Amino acid sequence: MQKNDFIELVIEDLGTDGAGIGRYHGMTFFVKDAVIGDTVLAKIMKLKKTYGYARLMEIKEASPNRVKPRCLYAKSCGGCQIQQMDYKSQLAYKQRKIRANLVRIGRFDEAYIDRVMEPMVGMEEPFGYRNKAQFPIGKNGDGEAVAGFYAGRTHSIIANTDCALGVPVNKEILETILAFMREFRVSAYDESERTGLIRHVLIRYGFDSKEIMVCLVANGETIPHEEILAERLGRIPGMTSICLNVNTENTNVILGERTRTVWGSPEITDALYLRNTSDFQRSGGKTVYRISAQSFYQVNPVQTEKLYSLALEYAGLTGKETVWDLYCGIGTISLFLARSAKQVYGVEAVHQAVQDARMNAKRNGIENAVFLEGKAEEVLPEFYGKTVMRGNDSAGDGCSSAVDMCLDGTKRRGECGAVDACPDETEGMRHPDVIVVDPPRKGCDEKCLETMLCMHPERIVYVSCDSATLARDLRKLCDGGYEVKRVRGVDQFGQTIHTECVVLIQRKHI
């Protein structure tokens, strides 16, 4: 076999990136856009010792699980990897992916994982579900400004103002902005030259409130005639906030550190509801959230209600528990938990998110949730003992004693105004009943995991957007005296390879 050879493959499985897997003369090949059950003609693009990559050239016999993608750009755009699969098959693929990572990376027994895994929670409508979209702005071959999404593994923009995963109003917003740019000759950003003005357009939509935020990310402090653009965007029903974010750095990070309000409010609001986890019907418990441009807020509100309701069920709260919520964002899970717990302590690194979380608690009349600013891997160990030192504590639990910290997580007692009072550390805070973690894709920091083990919570509820790092962290926790009791995937990202997962981890009592 050589590069550029044509081979015929029967696709037997999918890889972690959604590429089809077939075998030819004992060698494994990965074929993008292929579906389990397809028979395909593929062209070899790259060869390794035991595997290779091939390009799909022709579908000789289509899988019964293959469907026509709704989006014209599904194959070239990097946003959707498996839109060519029927939705039932997508859910089955994600269930297998979670299971495989727990077995392979987490080194859990297959039969045990099969006992604790519960069925995937799918979506009723796996399109039009995103409440947030970030559109890069660039130029086409004629030098005109375009908006869309990056092609897979590139920064080449596929021009598209009508993404099938987003809300319909995105198209009107983007076309208004592009027309304004053409009329007033406002330039699009050029990554290679680091010239041009408009880099990205961030759009947020409140599914419950119907409020809209538009945030333009600019390579400069101002946009020419921005008052005219604001007036035009302001005509769109639901428009609530128009912001300008300044990002002049040579970086792939979308948002800069400074955001100012151009028109309307600096934030929008939205609400989530508790759901009955037996049938996932709304059961009340409305919680309203303030969302700013830089806030983390789950992109799929319908599935988020199901995800957080499951996390609350797994936490097993009775009203007497002390709970830590790590990587809490704007307090989405914290405020769910606070309605059923004695006290909740949220930890978040992003300053604006912490401010939003505190405001969200006040907005909802919740007084038993305190939010600490800082990285979880720094705040938790500093609260508990500055460093996690094995075998050097009077309690004999493998950790040093708690330091005298104030509840803003950064200052000594009495030096901050973040809370009305700075109470003494209590046994409940040092050894909480429940810890909930919802880390970024890279998972929990090792120092954070070690401190969690030192705190000896009865239960840990781990919410993850990456089952590979989840499996790694679960192995660390289980080696430290815990066991996995329940696992359930929640599909937050239909048509993509990504999925959320919530896990209940119980402390072993010997």
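This text goes with the structure placed above it.
All values reported here derive from a predicted model rather than from experimental measurement. (Residues numbered from 1 in each chain as written. Predicted model: local features only at pLDDT ≥ 70, side-chain atom pairs only at ≥ 80, totals over all residues. Heavy atoms only, no water.)

### Here we look at the overall build of the protein
Right, so step 1: From N to C terminus, the protein includes eleven helices and 22 strands.
Right, so step 2: Against the globule reference of 24 Å for 510 residues, the protein gives a C-alpha radius of gyration of 24 Å, in line with a compact fold.
Right, so step 3: In terms of overall dimensions, the protein has C-alpha extents of about 70 × 60 × 45 Å along its principal axes.
Right, so step 4: In the protein, buried positions account for 55% of the 510 residues. (Helix = DSSP H or I, 4+ residues; strand = E, 2+ residues; numbered from the N terminus. Rg over C-alpha atoms; globule rule 2.2 N^0.38 Å. Buried < 20%, exposed > 50% of the residue type's maximum accessible area, 1.4 Å probe, protein only.)

### Here's the deal with the side chain of Ser-467
Right, so step 1: Looking at the element boundaries, Ser-467 is found in helix α11 (residues 467-479).
Right, so step 2: According to the relative accessible area criterion, Ser-467 is buried, its value standing at 7%.
Right, so step 3: Of the polar contacts made by the side chain of Ser-467, one reaches the side chain of Asn-101; its length is 2.8 Å. (Polar contact = N/O pair within 3.5 Å; in protein donor to acceptor, adjacent residues only side chain to side chain.)

### Remarks on the sheet that holds strand β7 (residues 132-139)
Right, so step 1: Spatial ordering of the open sheet is given by β9-β8-β7-β10-β11-β12-β13, a layout of seven strands whose pairing is mixed. Since the sheet does not close on itself, it has two edges, and those belong to β9 (157-159) and β13 (258-264), each with one partner. The sheet shows a mean angle of 35° between the axes of neighbouring strands, taken without regard to direction.
Right, so step 2: Of the pairings in the sheet, the one linking strand β12 (residues 239-246) to β13 comprises six bridges and is antiparallel in character. Following the sheet pairing, Cys-243 is matched in β13 by Thr-261.
Right, so step 3: Seen against the sheet, helix α3 (residues 169-184) touches β7, β8 (145-150), β10 (198-205), β11 (212-218) and β12 and runs at an angle of roughly 150° to β10. (Pairing = 2+ DSSP bridges. Axes fitted to C-alpha atoms, helices over the stretch in contact; angles between N-to-C directions. Contact = heavy atoms within 4.5 Å.)

### Considering the sheet that holds strand β16 (residues 322-326)
Right, so step 1: With mixed pairing, the eight strands of this open sheet are ordered in space as β6-β21-β22-β20-β19-β16-β17-β18. At either margin of the open sheet sits one strand with a lone partner, and together these are β6 (117-121) and β18 (369-373). Here the strands of the sheet are splayed against their neighbours by 15° on average, with no regard to which way each runs.
Right, so step 2: Two elements, β16 and strand β17 (residues 343-348), share five bridges in a ladder whose sense is parallel. Across the sheet, residue Asp-325 finds its bridge partner in β17, namely Gly-346.
Right, so step 3: Taken strand by strand, α11 contacts β20 (459-464), β21 (482-490) and β22 (500-507), and its axis lies near 165° from that of β20.

### So, the nonpolar core
Right, so step 1: By size, the foremost hydrophobic cluster in this structure holds 89 residues, and its most contacted members are Ile-173, Met-181, Trp-324, Leu-326 and Met-452.
Right, so step 2: With seven residues, α3 is the single largest residue contributor to this core.
Right, so step 3: Membership of the second largest hydrophobic core comes to 45 residues, among which are Leu-335, Ile-366, Val-461 and Val-502. (Core = buried A, V, L, I, M, F, W, Y, C linked by side-chain atoms within 4.5 Å.)

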